[in-house]
Amino acid sequence: MYQTVKGTYDFLPDELKNVEDLEDSFRLTLELYGYKEMKTPVFEYTGVFAKENDTSDMVTKEMYTFSPNGKDSLTLRPEGTAGIVRSVVQNKMYAANELPLKLAYIEEMFRHERPQKGRQRQFTQMGIECIGEKSPMIDAEVISLGYNYIKLVGLKNIKVLINTLGDSSSRVAYSKALSEYFAQYKDSLCEDCKKRLEKNPLRILDCKIDRENDFVKNAPKMEDYLTAEAKEYFEKVKSYLDTMEIPYIVDDRLVRGLDYYTDTVFEVVSTHEDAGSQATVFGGGRYDNLVEELGGPSISGIGFAIGLERLMILAKAEDALAPIEDVVDFYIIDMSKSSNYAFKVAETLRKAFYTVELNYYDRSMKSQFKSSERKGAEYVIIIGEDEVNNETVTIKNTKDRSQEVIKFADLLNYMEGK
Ligand code: HAM
């Protein structure tokens, strides 16, 4: 018997209903802020995601890369941002539209990670990308969209972490200072961080293994290397968040796992005890260079992505998922010899947009009534030989238990009065 591939999961109907509710609330939030949803292909040329000298785990270790014709290298998308930016550049969306472009996606992503609760190999991201303008107002608005969505879903135990990686020149100066500082501790670094020391020493700060070492805790601080401009930019982002009364914590070791970030970065983390080690509900940040790296003009973007399955785990833990109930408007109990009349009644009701279930087998009235209860029917229609011969229906209101015989031709009018 086949099982799902490790790290992949089915969404059974009730779970999918919960997913759809979460997606509906996300779409509602997008509308409030003027974001439009789009879709990009599930696979792209590998270069869309992988840059030369990339240091992120996602690019160096976790991508599903394949070559169906032995020539092209293709990759199942591990995240949404690069594909959206590729599409913005390919379709020159920046030239034909008012800037900033406000784009959103709800899509499956693929990363070959070690599966555990909240960490899958196929997962869904709900994300936004705001591309074409750089302003601290936009950074604060993007954070507020994500924060307000999480609040709308009903999560209470969360905290917002923010940091700045500075503009390119701040970052170069800080990277240099970190390389010099960490070089003296090279032998104590984990194998991954030894490589990061050469390529991206910032990542040592949030390494799960090394971050507990005192020498990492005492490393030079980004704020001492920020240019005056980068400092002012971050101060403004914070002041807008204050205005919107979004609580946040500045975490100077938040550097994020992907290489493309500059200036503002942020994560929303669950503080609920069930969150376990995968507590980051969503993360994002600004990227000044990605559009240009993918062949577009020198314009900046910012965005985030929410892990939908992680959100589901937390929403369940915090009792924030709407209960799933089976409810239909009608259940048709059919005790007649032929089912043609029952079908006629069902068709008429469905054409008028009532939800209808009907009996398909030769069963007792009692067991058909049981089915109507299990389906949560608001009305039961009973059809016997009399009803067929007289073109009537017996209709029972399951709430007040009242029952009437009415002409089939009057059924829709009768329901309109309800
Ligand atoms: P990320 O931090 O790699 O950022 O992923 C964003 C979110 O996706 C995470 O916070 C988490 O909720 C979810 N996620 C990531 N990996 C997994 C996994 N293996 N299983 C389940 N959930 C997962 C990005 O992907 C960026 N593209 C975000 C962004 C958009 N930055 C700018 N714009």
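Above this text you will find the structure in question.
Predicted model only: the values in this text are computed from it and were never measured.

J.: Sorry if this is basic, but what is going on with the site of the ligand here?
T.: Residues in contact with the ligand amount to 27 residues; listed here are only the nearest, Glu-79, Thr-81, Glu-113, Gln-120 and Tyr-261. At 2.8 Å, a backbone N or O of Gln-120 approaches a nitrogen atom of the ligand. Between the ligand and the protein, one listed contact pairs an oxygen atom with a backbone N or O atom of Thr-280 at 3.2 Å. When isolated, the ligand has an accessible area of 650 Å², and the protein chains bury 95% of it. Among the elements of the structure, strand S6 (122–131), strand S10 (280–287) and strand S11 (301–307) are those that each provide at least two residues to the shell around the ligand. The greatest single-element share of the shell around the ligand, amounting to 7 residues, is contributed by S10.

J.: Where do I start with the packing of aromatic side chains in this structure?
T.: Note on aromatic pairs: each is described by the distance of the centres and the angle between the planes. If you walk through the whole model with that rule in mind, you get 16 aromatic pairs. Note on Phe-266 and Phe-282: the rings are 6.4 Å apart at their centroids and 75° apart in plane angle, and the pair reads as edge-to-face. Placement of the pair is Phe-266 in strand S9 (residues 262–270) and Phe-282 in strand S10, with a sequence separation of 16 residues. Side by side, Phe-266 and Phe-282 carry an identical accessibility label, which is buried. Seen in terms of ring centroids, Phe-282 and Phe-304 are 4.7 Å apart; in terms of plane orientation they differ by 40°. Their pairing is tilted. One end of the pair, Phe-282, is in strand S10; the other, Phe-304, is in strand S11, with 22 residues separating them in the sequence. Using a relative accessible area of 2% as the deciding quantity, one classes Phe-304 as buried. The aromatic ring of Tyr-233 is capped on one face by Lys-134, whose charged end is 5.2 Å from the ring centroid.

J.: Is there a simple way to explain the pattern of salt bridges in this structure?
T.: A side chain of one charge can pair with a side chain of the opposite charge when the charged atoms of the two come close. Evaluation of the coordinates by the stated rule reveals 24 salt bridges. Across the pair Arg-286 and Asp-139 runs a salt bridge, and its minimum N-O distance is 2.8 Å. One end of the pair, Arg-286, is in strand S10; the other, Asp-139, is in helix H5 (residues 136–153), and 147 residues separate them in sequence. Residue Arg-286 is classed as buried on the basis of its relative accessible area, which comes to 0%.

Scoring rules and cut-offs
Residues numbered from 1 in each chain as written. Predicted model: local features only at pLDDT ≥ 70, side-chain atom pairs only at ≥ 80, totals over all residues. Heavy atoms only, no water. Near = heavy atom within 4 Å. Polar contact = N/O pair within 3.5 Å; in protein donor to acceptor, adjacent residues only side chain to side chain. Areas by Shrake-Rupley, 256 points an atom, 1.4 Å probe, with all protein chains shown as cover. Helix = DSSP H or I, 4+ residues; strand = E, 2+ residues; numbered from the N terminus. Phe/Tyr/Trp six-rings, centres within 6.5 Å; stacked < 30°, edge-to-face > 60°. Buried < 20%, exposed > 50% of the residue type's maximum accessible area, 1.4 Å probe, protein only. Lys NZ or Arg CZ within 6 Å of the ring centre and 35° of its normal. Salt bridge = Lys/Arg side-chain N within 4 Å of Asp/Glu carboxyl O.

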